[in-house]
Amino acid sequence: MADQSLEARPQINPWIVAFSVMFATFMEVMDTTVVNVSLPHIAGSLSASVDEATWTLTSYLVSNAIVLPMTGWLANYFGRKRLLMMSVTGFTLASLVCGLAPSLPVLVMTRIVQGAAGGTLQPISQAILLEAFRPQDRGKAMAFWGLGIVVAPIMGPVLGGYLTDQYSWRWVFFINIPVGITSLIMTRAFVFDPEYIGKQIRKIDYWGLGMLAVGMGSLQILLDKGQEKDWFQSHLILALAIVSIGAIVILIIRELKARAPIVDLKVFKKRTYATGVFLMTTLGFVLYGSLVLVPILMQTLLGYSAYEAGIAMAPRGLGSFLTMPLVGILVSKFDPRKLLAMGFTLGALSLYQLSVLNLSAGYWDFFWPQFIQGVGMALLFVPLTTTTMDPIANRDMGNATSIFNLLRNIGGSMGIAAATTFTARSQQKLINVLGEHVNPYSLTSQLTTKEIQSHLMASGSDSFTALNQAHGVLFGMVHQQAALISFLHGFLLMGGIFLLVLPALFIMKKPEESRGAPPMH
């Protein structure tokens with residue numbers, strides 16, 4: 001294991017450091033989802049369509065994805081503490097301007113600034129935390145930090161819906177200001193750089209920087225707009241795919257040869273780190289994919305409002321919130337890979353439970369699967385982070401956490417794109433399959449049509465009108481059932497992905513700080 005000793009620094013209680021960086025992390029992560037439910041209000045207020053308003057999401061994600069992987073390099077160049085304060089300041093000021101934006105172009109441009117400033121917050125706060133705590137206490141630190149990463153995306157739609165309904169969509173951004181100010185004050189007082197971090201004057205890898213911006217930006221736009229543009233039927237999406245693949249390939253070749261790379265890919269030589277990044281990407285894929293399907297199912301098929309759907313999803317955050325502290329203690333007492341196996345299994349179980357719901361499902365039918373999934377996320381996030389980062393030396397921690405967080409976010413974007421595309425295509429196919437059984441020669445179809453026609457005639461419609469209306473109702477039922485089955489198949493598929501990655505746990509090495517934990521055979 002690489003040298004994990006902490007560098008000399010002022011003696012600050014690590015939990016105070018944890019609270020200092022948590023404010024910034026929670027604020028940034030929540031902003032990735034808090035705007036979602038406010039889009040119709042933003043569109044109406046700024047005289048734009050909802051499709052145009054979605055660029056407030058896309059612009060944020062694109063700039064975030066570009067900056068995130070270079071965080072380690074930026075921290076070495078400017079200094080970790082200085083970069084953190086610069087980022088929080090930029091994010092807070094951008095939030096203020098977003099709330100005051102008089103037009104959609106101004107809002108989109110400011111969201112680009114906000115996403116760029118926020119891109120450094122996750123990896124830099126994670127690196128600071130991992131170094132602030134002793135190796136045997138890092139599980140507790142990551143449990144605390146994980147509360148923000150897992151709970152914030154779930155709280156985002158709830159808080160966004162409440163602020164938008166009760167006040168204005170502008171408060172979705174204004175709420176960041178006091179949080180940002182608090183984070184700045186605490187960072188200034190309690191966060192200090194280790195001796196090896198500081199401003200380093202050296203040649204900037206402009207080729208790497210350019211390829212990173214083009215590759216990550218194109219990939220993020222492709223994933224965000226692919227389903228809307230019908231994927232490769234669109235010339236724009238095809239061009240973005242070619243550009244992103246080309247730029248990323250050139251980036252990889254360049255960074256492996258560069259003396260001072262923007263993104264140091266040599267960390268992937270450590271098999272535990274490489275496997276952990278793969279598993280975290282998979283976790284992001286399934287977590288965000290299922291996170292987007294549940295509220296759509298509730299709103300389109302079960303009649304929930306956006307705010308009600310947000311409230312109904314709270315059990316997922318509750319499960320993680322209650323379990324994270326316990327997992328933080330267990331991770332230093334048991335082989336973390338066993339906790340990971342339990343987490344993936346519980347995640348698969350929760351998705352299976354969602355895959356057997358029907359249109360009569362009530363609140364409690366969603367409560368328990370989501371609560372169990374929240375528990376599973378806690379069992380995954382904490383041991384996966386600590387195990388993945390265990391072989392990484394302190395001076396490489398910023399770079400390693402940047403790549404780790406980038407691929408989790410990219411996995412999440414892929415999960416959302418895959419989930420929405422799969423359900424849309426599956427629904428189209430199922431409409432044809434189910435529709436084949438609804439025809440004049442089917443006894444069940446005849447009886448159902450006559451029953452609906454009778455009800456409509458009893459309400460005052462004549463026989464001919466009632467028959468046409470009955471056919472419309474029957475067609476609507478086919479659409480509804482096809483949509484439901486497509487959601488259920490989506491949940492089942494994602495649960496299967498969790499089970500498929502279980503063998504990868506055997507590739508990872510047990511962290512050296514997990515002393516006394518029985519080996520995983």
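Source: prediction; values computed, not measured.

## Regarding the overall build of the protein
No. 1: Along the backbone of the protein there are 21 helices and zero strands.
No. 2: In the protein, which comprises 521 residues, the proportion classed as buried is 55%.
No. 3: Considering only contacts within the protein whose residues lie at least 6 apart along the sequence, 84% involve residues at least 24 apart.
No. 4: Surface summary for the protein: the accessible area is close to 22200 Å², and the carbon and sulfur share equals 67%.

## Some remarks on the packing of helix α6 (residues 80-100) against helix α7 (residues 104-118)
No. 1: Following both chains from N to C, one finds α6 and α7 inclined at 160°, their axes separated by 8 Å at the closest point. Between α6 and α7, the angle falls in the class roughly antiparallel. Here the hand of the crossing between α6 and α7 comes out left-handed. Of the residues in α7, those touching α6 at S87, G90, F91, A94, S95, V97 and C98 are L107, T110, R111, V113, Q114, A117 and G118.
No. 2: Across the contact of α6 with α7, the residue classes break down as seven nonpolar, six polar and one charged.

## Some details on the nonpolar core
No. 1: Within the largest apolar cluster, 134 residues are counted, with the highest numbers of intra-cluster contacts made by L107, Y273, F491 and F498.
No. 2: The dominant element in this core, judged by the number of residues it contributes, is helix α14 (residues 271-301), at 14 residues.
No. 3: Once you skip the residues sitting within four places of it in the chain, F498 turns out to touch T282, L283, V286, F344, G347, A348, L351, M377 and L380.

## Looking at the side chain of D335
No. 1: By the element assignment, D335 lies in the loop between α16 (314-330) and α17 (336-354).
No. 2: At a separation of 2.8 Å, a polar atom in the side chain of D335 contacts the side chain of R337.

## Quick word on the packing of α6 against helix α8 (residues 121-132)
No. 1: Across the interface, α6 lies against α8 with an axial gap of 10 Å and an inter-helix angle of 140°. Of the possible angle classes, the one that applies to α6 and α8 is oblique. Crossing of α6 against α8: the hand is left-handed. Of α8, the residues touching α6 (which contributes R80, L83, L84, S87 and V88) are L121, I124, A127, I128 and E131.
No. 2: Class assignment for the residues of the contact of α6 with α8 results in seven nonpolar, one polar and two charged.

## Points about the packing of aromatic side chains
No. 1: Under the defined criterion, the tally for this structure stands at 13 aromatic pairs.
No. 2: When the centroid spacing of 6.5 Å and the interplanar angle of 45° are considered together, the rings of W231 and F232 count as tilted.
No. 3: Under the relative-accessibility criterion, W231 is labelled buried at 13%.
No. 4: For the ring pair F367 and W368, a centre distance of 4.8 Å and an interplane angle of 80° mean the geometry is edge-to-face.
No. 5: By relative accessible area, W368 is classed as partly exposed at 46%.

## Notes on the environment of D31
No. 1: Secondary-structure assignment places D31 in the loop between α1 (14-30) and α2 (39-45).
No. 2: Residue class for D31 comes out buried when judged on its relative accessible area of 1%.
No. 3: Taking the C-alpha atoms as reference, D31 lies 9.6 Å from P157; in sequence the two are 126 residues apart.
No. 4: Sequence-distant contacts of D31, that is, excluding residues within four places in its chain, are made with Y60, F91, R111, Q114, F173 and N176.

## Examining a nonpolar patch on the surface
No. 1: A contiguous nonpolar patch, built from L93, L96, V97, L100 and V106 and spanning about 400 Å² of accessible area, is present on the exposed surface.
No. 2: Here the element with the most residues in the nonpolar patch is α6; it accounts for four residues.
No. 3: Mapped onto the fold, L100 is located in helix α6.

## Some words on the confidence of the model for the protein
No. 1: The pLDDT averaged across the protein works out to 81; a share of 86% of its residues lies at or above 70.
No. 2: When the elements of the protein are averaged for pLDDT, helix α20 (residues 443-458) gives the smallest value, 67, and α17 the largest, 92.
No. 3: Taken together, the stretch residues 1-8 has pLDDT below 50 and engages in 25 contacts with residues farther than four places along the chain or on a different chain.

## Some points on the environment of G118
No. 1: Inspection of the secondary structure assignment puts G118 in helix α7.
No. 2: Between the C-alpha atom of G118 and that of E28, which follows or precedes it by 90 residues, the distance is 5.8 Å.
No. 3: Setting aside residues up to four positions removed in sequence, G118 forms contacts with E28, N64 and F91.

## Describing the side chain of T281
No. 1: Mapping T281 onto the fold places it in helix α14.
No. 2: A polar contact of 2.8 Å, which involves the side chain of T281, links it to the backbone oxygen of V277.
No. 3: In this view, T281 contacts L407 and G411; residues no more than four positions away in its chain are not counted.

## Some details on α1
No. 1: In a regular helix each residue adds 1.5 Å, so 17 residues correspond to 24 Å; α1 covers 24 Å between its end C-alpha atoms and thus fits that length.
No. 2: Within α1, the axis deviates most sharply at M22, by approximately 30°.
No. 3: Looking at α1, one finds that the buried residues are V17, A18, S20, V21, M22, A24, T25, M27, E28, V29 and M30.

## Section: the environment of T110
No. 1: Residue placement: T110 occurs in helix α7.
No. 2: With a relative accessible area of 10%, T110 lands in the buried category.
No. 3: Residues within four places of T110 in sequence aside, it is in contact with A94, V97 and C98.
No. 4: Only 2.6 Å separates the side chain of T110 from the backbone oxygen of V106, close enough to count as a polar contact.

Thresholds, definitions, all that
- Residues numbered from 1 in each chain as written.
- Predicted model: local features only at pLDDT ≥ 70, side-chain atom pairs only at ≥ 80, totals over all residues.
- Heavy atoms only, no water.
- Helix = DSSP H or I, 4+ residues; strand = E, 2+ residues; numbered from the N terminus.
- Buried < 20%, exposed > 50% of the residue type's maximum accessible area, 1.4 Å probe, protein only.
- Contact = heavy atoms within 4.5 Å.
- Areas by Shrake-Rupley, 256 points an atom, 1.4 Å probe, with all protein chains shown as cover.
- Axes fitted to C-alpha atoms, helices over the stretch in contact; angles between N-to-C directions.
- Parallel < 35°, antiparallel > 145°, perpendicular 65-115°, else oblique.
- Left-handed = near helix turned anticlockwise from the far one by under 90°.
- Nonpolar A, V, L, I, M, F, W, Y, C, P; charged D, E, K, R; others polar.
- Core = buried A, V, L, I, M, F, W, Y, C linked by side-chain atoms within 4.5 Å.
- Polar contact = N/O pair within 3.5 Å; in protein donor to acceptor, adjacent residues only side chain to side chain.
- Phe/Tyr/Trp six-rings, centres within 6.5 Å; stacked < 30°, edge-to-face > 60°.
- Patch = residues over 30% accessible without salt bridge, like charges linked within 9 Å, V, L, I, M, F, W, Y side chains within 5 Å.
- Salt bridge = Lys/Arg side-chain N within 4 Å of Asp/Glu carboxyl O.
- pLDDT = per-residue confidence, 0-100.
- Expected span 1.5 Å × (residues − 1).
- Bend = angle between axes of the 7 residues up to and from the residue.

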